[in-house]
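# Reading the structure
Take a look at the letters that make up each chain.
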Amino acid sequence: MQPTRPSIQISNGGKYTARVLYWNSEDRQNHEDMGFHPGWSKATDQLEELVATL
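Please read all numbers here as calculations on a predicted model, not as lab measurements.

### Let's talk about the overall build of the protein
- What the protein contains, in helices and strands, is two helices and two strands.
- Beginning at the N terminus, the succession of helices and strands in the protein can be written as β-β-α-α.
- Against the 2.2 N^0.38 benchmark of 10 Å for 54 residues, the protein shows a C-alpha radius of gyration of 13 Å, more extended than a compact globule.
- In terms of overall dimensions, the protein has a C-alpha envelope of 40 × 20 × 15 Å along the principal axes.
- Of the contacts formed within the protein by residues at least 6 apart in sequence, a portion of 27% connects residues at least 24 apart.
- Split by element, the accessible area of the protein, about 4600 Å² in all, is 52% carbon and sulfur.

The following block contains the structure:
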């Protein structure tokens, strides 16, 4: 698998956008099969919990 190119943006209003670019569709599918979507969902849930404590 080739390295991915992640991009994370958080706007002033708090909108969180994460994007990952892949070199080819096979690498994208491999990453998805490893749990990319559930992993990011868990990470954003944890971030939300942390922010609520600030």
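### Quick word on the environment of Val-51
- Examined against the element boundaries, Val-51 turns out to sit in helix 2 (residues 36-52).
- Taking the C-alpha atoms as reference points, Val-51 and Ile-8, separated by 43 residues in sequence, lie 17 Å from one another.

The rules behind the values
- Residues numbered from 1 in each chain as written.
- Predicted model: local features only at pLDDT ≥ 70, side-chain atom pairs only at ≥ 80, totals over all residues.
- Heavy atoms only, no water.
- Helix = DSSP H or I, 4+ residues; strand = E, 2+ residues; numbered from the N terminus.
- Rg over C-alpha atoms; globule rule 2.2 N^0.38 Å.
- Contact = heavy atoms within 4.5 Å.
- Areas by Shrake-Rupley, 256 points an atom, 1.4 Å probe, with all protein chains shown as cover.

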